[in-house]
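Secondary and tertiary structure notes
Okay, here's what each chain looks like letter by letter:
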Amino acid sequence: MFKIGVRDLGIDLGTANTVVYVKGKGITVREPSVVAVAKDSNRIIAVGNAAKEMIGRTPENVQALRPMKDGVIADYDTTTAMMKYFIKEAQHKAAFGSKPNVMVCVPSGITPVERRAVIDATKEAGAREAYPIEESLAAAIGADLPVWEPTGSMIVDIGGGTTEVAVISLGGIVTSHSIRIAGDEMDRAIIHYVRKQYNLLIGDRTAETAKMEIGSYGETDHTPPLDIRGRDMLTGLPKIIEIPGEEISLALKDKVEDIVDTVIKTLETTPPELAADIMHRGIVLTGGGALLKNLDNVLHAETRIPVFIAANPLDCVAIGTGKALNQIHLFKTAAKL
């Protein structure tokens, strides 16, 4: 058995945000998965919150980028540098200096090569050992579902890059589906809609704000309109428009329906006994996408199963990854794949 102490970390390495859980301390780092890089020298200028503030505002020789895409590593070197920064931040805040064991989450649908890249990047960033855990399993643990018991639990984790839908029993994933449609795709859908309908170019941050403030699926009667700013494609000048909630709902329609279809597909492949458990216990939503207005009602209407939003949806994966450190010996084999 491994000795578990504050030197062990759980990392939710997300497309949009990275959250670090220190054993015995809880969540100590929560910052955007963004890195600002000097193009001429590849020097890291800023990471996390400071880098996100630079998105869309950098000079020509600086690029603010997200090294994670659709839940997997798109830029290995930059991801490694970003993880090194977050691990050092956690070490500083938890007051320890030795190399930690790290439990790091990965999407269930990634390839062995992509999984290996996460493990290697984590070790290169300063981990003594790196152990991967599926995001859906981590989310279920973080949502306090009885994952180690012989009963079915269904989790829908809607992050930045992927949506993970899984049925879990006895500490393992019985059936699951992972799609690369989640928060970032919703933002892109809003950008496309505004460009097409209003000839207005808006950035990722503006689209994300619109999604968070007035985004929903279906009911928008009590949602006030929102002023959004961008660049007029016809004149090239800055412009402000007022966009109603129903139009944001329309922009998100196809993406939300893809998520609903994935939930239904997962239910269709669930063994009957576990399906009965889920009918009784319900479906639990985690991740930032769980906060999309009316999504829980839509899923309930389509599946006729109770749907609940986790108590702390944004941090469920990180908390579950940290709690899984108590069972770290079970993940040794997976880390060697």
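Residues numbered from 1 in each chain as written. Predicted model: local features only at pLDDT ≥ 70, side-chain atom pairs only at ≥ 80, totals over all residues. Heavy atoms only, no water.

1. Some thoughts on the packing of aromatic side chains
In total, this model carries one aromatic pair according to the counting rule given. With a centroid separation of 5.4 Å and 65° between ring planes, the pair formed by Tyr85 and Phe86 is classed as edge-to-face. (Phe/Tyr/Trp six-rings, centres within 6.5 Å; stacked < 30°, edge-to-face > 60°.)

2. Examining the domain arrangement of the protein
With domains assigned, the protein is organised as domain 1 (9-137 + 317-335), domain 2 (146-181 + 254-312) and domain 3 (183-251). Taking only C-alpha atoms, the centre of domain 1 and the centre of domain 2 are 25 Å apart. Interface area lost by domain 1 to domain 2 is led by Asp70, Ser136 and Leu137, which between them contribute 44%. Where domain 1 touches domain 2, the interface holds one salt bridge. (Domains from an automatic or database assignment. Buried area = accessible area lost by both parts, 1.4 Å probe. Salt bridge = Lys/Arg side-chain N within 4 Å of Asp/Glu carboxyl O.)

3. Focus on the sheet that holds strand E6 (residues 62-65)
With respect to topology, three strands assemble into an open sheet ordered E5-E4-E6, the strand pairing being antiparallel. Among the strands making up the open sheet, the edge pair consists of strand E5 (44-47) and E6. With direction set aside, neighbouring strand axes in the sheet form an average angle of 15°. Contacts between helix H2 (residues 76-94) and the sheet are confined to strand E4 (35-38), E5 and E6, with E5 contributing the most and set at about 55° to the helix. (Pairing = 2+ DSSP bridges. Helix = DSSP H or I, 4+ residues; strand = E, 2+ residues; numbered from the N terminus. Axes fitted to C-alpha atoms, helices over the stretch in contact; angles between N-to-C directions. Contact = heavy atoms within 4.5 Å.)

4. Concerning the side chain of Thr270
As for its position among the elements, Thr270 is in the loop between helix H7 (245-268) and helix H8 (272-281). At 2.8 Å, the side chain of Thr270 forms a polar contact with the backbone oxygen of Thr266. In contact with Thr270, other than residues within four places in its own chain, are Val167, Thr175, Ala275 and Ile278. (Polar contact = N/O pair within 3.5 Å; in protein donor to acceptor, adjacent residues only side chain to side chain.)

5. Side note on the pairing of strand E13 (residues 172-179)
When strand E12 (residues 163-169) meets E13, the two strands line up antiparallel, connected through seven bridges. Across the sheet, the residue bridging to Val167 is Thr175, located in E13. Here E12 folds back onto E13, and the loop between the two strands holds two residues, one of which, Leu170, carries a positive phi near 55°.

6. Side note on the pattern of salt bridges
A pair can form between side chains of opposite charge whenever their charged atoms are brought close. Evaluation of the coordinates by the stated rule reveals 14 salt bridges. Here Asp315 makes a salt bridge to Arg30, at a shortest N to O gap of 2.5 Å. Of this pair, Asp315 sits in the loop between strand E18 (307-309) and helix H10 (316-323) while Arg30 sits in strand E3 (residues 26-32); the two residues are 285 residues apart in sequence, bridging distant segments of the chain. With its nearest N and O atoms 2.8 Å apart, the salt bridge here joins Lys323 to Asp144. Taken as a pair, Lys323 in helix H10 and Asp144 in the loop between helix H4 (135-142) and strand E11 (153-158) lie far apart in primary sequence, 179 residues in all. Given a relative accessible area of 58%, Asp144 falls into the exposed group. (Buried < 20%, exposed > 50% of the residue type's maximum accessible area, 1.4 Å probe, protein only.)

7. A closer look at the packing of H2 against helix H3 (residues 112-124)
One can describe the packing of H2 onto H3 by two numbers: an axis separation of 8 Å at closest approach and a directional angle of 50°. Between H2 and H3, the crossing angle belongs to the class labelled oblique. Taken as a pair, H2 and H3 cross one another with a handedness that is right-handed. Where H2 approaches H3, its residues Tyr76, Thr80, Met83, Lys84 and Ile87 are matched on the opposing element by Ala117, Asp120, Ala121, Thr122 and Glu124. Classifying every residue of the contact of H2 with H3 by side-chain character gives five nonpolar, two polar and three charged. (Parallel < 35°, antiparallel > 145°, perpendicular 65-115°, else oblique. Left-handed = near helix turned anticlockwise from the far one by under 90°. Nonpolar A, V, L, I, M, F, W, Y, C, P; charged D, E, K, R; others polar.)

8. A closer look at the sheet that holds E13
Spatial strand order, E13-E12-E11-E17-E18: five strands in an open sheet with mixed pairing. Of all strands in the sheet, those with a lone pairing partner are E13 and E18, marking the two edges. Averaged over all pairs of adjacent strands, the angle between strand axes in this sheet comes to 20°, irrespective of strand direction. Packing of H4 onto the sheet brings it into contact with E11, E12, E13 and strand E17 (283-286), and relative to E12 it is tilted by some 65°.

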